[in-house]
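Fold and geometry: a report
The chain contents come next:
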2 protein chains.
Amino acid sequence: MIAQWMKHLARALLLLAFSVSSSGYAAPDPLPSWNDGPAKQSIIDYVTRVTKGGGPDYVEPKDRLATFDNDGTLWVEQPMYTQFVFAIDEVKAQVNKHPEWKTTEPFKSVLAGDMKAVAAMGEKGMVEIVAATHSGMSTADFDKTVRGWLEAAKHPRFKVLYTDLIYQPMLELLDYLRANGFKTFIVSGGGVEFMRGFADKTYGIPSEQVIGSSGVTQYAMWDASPVLIKMPKVLFVDDGPGKPEGINHFIGRQPIFAFGNSDGDKEMLEWTAACGRLCFMGLVHHTDAVREYAYDRDSRVGKLDKALDEATAKGWTVVDMKNDWKMIFPAAKAAQ
Amino acid sequence: MIAQWMKHLARALLLLAFSVSSSGYAAPDPLPSWNDGPAKQSIIDYVTRVTKGGGPDYVEPKDRLATFDNDGTLWVEQPMYTQFVFAIDEVKAQVNKHPEWKTTEPFKSVLAGDMKAVAAMGEKGMVEIVAATHSGMSTADFDKTVRGWLEAAKHPRFKVLYTDLIYQPMLELLDYLRANGFKTFIVSGGGVEFMRGFADKTYGIPSEQVIGSSGVTQYAMWDASPVLIKMPKVLFVDDGPGKPEGINHFIGRQPIFAFGNSDGDKEMLEWTAACGRLCFMGLVHHTDAVREYAYDRDSRVGKLDKALDEATAKGWTVVDMKNDWKMIFPAAKAAQ
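First things first, this report covers the structure right here in the doc. (Residues numbered from 1 in each chain as written. Chains lettered and ligands numbered in written order. Predicted model: local features only at pLDDT ≥ 70, side-chain atom pairs only at ≥ 80, totals over all residues. Heavy atoms only, no water.)

Counting through the fold element by element, B:L111 comes out in helix α4 (residues 107–111). Here B:L111 is in contact with B:V91, B:K92, B:V95, B:W101 and B:K102, once residues within four sequence places are set aside. (Helix = DSSP H or I, 4+ residues; strand = E, 2+ residues; numbered from the N terminus. Contact = heavy atoms within 4.5 Å.)

Rendered as structure tokens:
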């Protein structure tokens, strides 16, 4: 009985404490790396409205789902998708197991360092390189390789780890949403097992909330221990229309909040806009060639064209990286 | 400052309250519908060990993942999988849209009520019936149909809704695990979109924690609104070796606790047994023909043969439904 009484008292005090905080004079800025402006304001207004108990736009915590693209939305994607850089390095690392690569394209050009030739082979070559380097091992071994690579490989321009080239303002946004009862997901065209190698540590997003492109795996016994072997066969491509399909497949409900940065996110944002509640759609527009990169309609990586037009027409939030963000990367990680 | 101080006080009181509870004399039984015996004891011992801070078997809350089969583990699967009963009803409901079914097998036999002929067509006929009735509509329309059916259809023997034929002891187990920081998942051979129609309300498991067999969907615009159309094509079968494959695909980490009831759960239990920590593997053995059903090695539905041998050999927990469970279904729902 005493325990019960103390629990009640403690809960009452906690409630009081929080209500004092929220009406306090010096509530800390939840998005300190965002400059004041329409983008920041639209986020804060939205979160305030859907979390206001009794308000017309209130959404129950269990339905506060937020989905984020990864490449170009949460971390750098230029000059080349990070996972593709990893795949290129893996061609070199695995060539002893695959001597035939020395004489077969697209591997031959990769091994010769002829990235122009690789680029000329287009998406087909890229898919082949990823499929070959991401299969034939157990999921556990692949995970170990990814983690090892991420602890060593450096970005060619910024000379820091790729996991240091995440966007500080977006980290704050993830935290802000979670503090307001949102469940945050990654919904990315990147490989799900590649992203799971860093999403928890880097973004605080556990593996079960990471949705991405996936290959087929096959259950097998190795030395009487069960393993899953990664097969060179695509199960699911989580890009473009694949994003709402992936959201349905993995989550089974529509998010009310989504952020992307390219045409590959268009359908995810449209699907979110049809959530049947007050919903938020946002795009990161890369406008800062000095601190990061500036690209949109003509970019080979992270092309932003149709989604930008749709965002403008429909009044979605477009973040102007140069003007809306005080800083790009977490302090003391990358030179800015 | 006052708010901060009150928060600290409240937290200290809460901690005290909880520690008084846990050392109290009259801690309520977390599994009241379980008879005292080795099955119940093994569950309580396990949960106590992995949640004991500083203990040798302690597992951090973020890694406390528990996966449950659905059919025969959380609810009744006899005399026929519930989803197949739904599919049969849908053949009748959709025949006006598909007049060709009147003259084509396996639909013709379904419409004639000749379930023996349907059964004789085996798994192929069953898959065809499910694929045909579960495609050609939007995911939203399908969800509406499932929910409507579940609110009306009655079980042939117990004459109550299928969602009333869930196992009370397993509901208590789900609650007990969640109260101890576990995240609970369904990992079932059943269709993911069928299960999502009741898993939240019935088991307290949100859609994103329901893993099942899935079909391909296709993103499209209907009257300028985005929809996902269910296609008659299987994406993924979540049964047998498909269970660890599905766990990897959706969750990305191994559970430490898993419960099943048939040979289709064998690989999930093996995969859990290889979790690298103290892990728990359980099987529900249907031994109660009076209150529910008695079946195992020779059953067409929910066959339990190899997994029972493996459980015995490896010392996994086997629940003897007749002796271990005080009640089967929630009180006041089904006559017992």
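Picking up where we left off.
Scanning all chains against the criterion turns up 45 aromatic pairs over all chains. With 6.2 Å between their ring centres and 90° between their planes, B:F158 and B:Y293 make a pair best called edge-to-face. Of the two residues, B:F158 is situated in the loop between α7 (139–150) and α8 (168–179) and B:Y293 in the loop between β6 (280–285) and α13 (306–314); the sequence distance between them amounts to 135 residues. The class of B:F158 is buried, set by a relative accessible area of 12%. Ring pairing ties together the aromatic residues A:W75, A:F86, A:F142, A:W149, A:Y162, A:F194, A:F198 and A:Y203, which thus form one cluster. Directly above the aromatic system of A:F142 lies the positively charged group of A:K230, at a separation of 4.5 Å from the ring centroid. A cation over a ring is seen here: B:R157 above B:Y293, with NZ or CZ 4.9 Å from the ring centre. (Phe/Tyr/Trp six-rings, centres within 6.5 Å; stacked < 30°, edge-to-face > 60°. Buried < 20%, exposed > 50% of the residue type's maximum accessible area, 1.4 Å probe, protein only. Lys NZ or Arg CZ within 6 Å of the ring centre and 35° of its normal.)

Tracing the backbone shows A:K266 in helix α12 (residues 266–273). Apart from residues lying up to four places away in sequence, A:K266 is in contact with A:K306, A:A307 and A:E310.

As a further point, take the sheet that holds strand β7 (residues 317–320) of chain A. Residues and elements named next belong to chain A. The strand order β4-β3-β2-β1-β5-β6-β7 describes an open sheet built from 7 strands, whose pairing is mixed. Of all the strands in the sheet, just β4 (225–236) and β7 have a single pairing partner and so form its edges. Sheet twist, expressed as the mean angle between neighbouring strand axes with direction ignored, is 30°. Pairing geometry for strand β3 (residues 210–222) and β4, over 8 bridges, is antiparallel. Within β4, the position partnered with G215 by the bridge is V234. (Pairing = 2+ DSSP bridges. Axes fitted to C-alpha atoms, helices over the stretch in contact; angles between N-to-C directions.)

Residues and elements named next belong to chain A. Neither face of strand β1 (residues 65–68) is left uncovered, since the one carrying L65 and T67 and the one carrying A66 and F68 both have all their residues buried. Pairing of β1 with strand β2 (residues 183–191), which is carried by 4 bridges, proceeds in the parallel orientation. Along β2, the bridge assignment pairs T67 with F185. One ladder, built from 3 bridges, connects β1 with strand β5 (residues 257–260); its direction is parallel. Its bridge partner lying in β5, T67 is registered against A258.

The next thing to look at is the pairing of β2(A). Residue and element names in this part refer to chain A. Counted residue by residue, β2 has 7 buried out of 9 residues, so it is predominantly covered. Where β2 meets β3, 3 bridges bridge the pair, whose relative direction is parallel. Across the sheet, V187 pairs through a bridge with I211, a residue of β3.

Turning our eyes to something else, we now look at the packing of helix α2 (residues 38–51) of chain A against helix α8 (residues 168–179) of chain A. Residue and element names in this part refer to chain A. Contact geometry for α2 and α8: axes closest at 11 Å, N-to-C directions at 15°. Between α2 and α8, the interaxial angle falls into the category roughly parallel. In this structure, α2 meets α8 at a crossing whose hand is right-handed. From α2, I43, I44, V47 and T48 reach across to α8, where they touch L173, Y176 and L177. Along the lines of polarity and charge, the residues of the contact of α2 with α8 split into 6 nonpolar, 1 polar and no charged. (Parallel < 35°, antiparallel > 145°, perpendicular 65-115°, else oblique. Left-handed = near helix turned anticlockwise from the far one by under 90°. Nonpolar A, V, L, I, M, F, W, Y, C, P; charged D, E, K, R; others polar.)

Right, let's talk about the packing of helix α11 (residues 242–250) of chain B against helix α12 (residues 266–273) of chain B for a bit. Each packed pair of helices is defined by two parameters, the angle between the axes and the distance between the axes. All names here are of chain B. Taken N-terminus to C-terminus, the directions of α11 and α12 make an angle of 55°; their axes are 7 Å apart at the nearest point. With respect to their mutual orientation, α11 and α12 come out oblique. Between α11 and α12, the contacting residues are K243, P244 and I247 on the first element and E267, M268 and W271 on the second.

A side chain with one charge may pair with a side chain of the opposite charge, provided their charged atoms come close. Counted by the stated rule, this structure contains 42 salt bridges over all chains. A salt bridge links A:D57 to A:R49; the shortest N-O distance between them is 2.8 Å. On the basis of relative accessible area, A:R49 is assigned to the partly exposed category, the value being 44%. When the shortest N-O distance is used, the salt bridge between B:K243 and B:D69 registers 2.9 Å. Residue B:K243 is located in helix α11, and its partner B:D69 is located in the loop between β1 (65–68) and α3 (82–94); the two are separated by 174 residues in the primary sequence. (Salt bridge = Lys/Arg side-chain N within 4 Å of Asp/Glu carboxyl O.)

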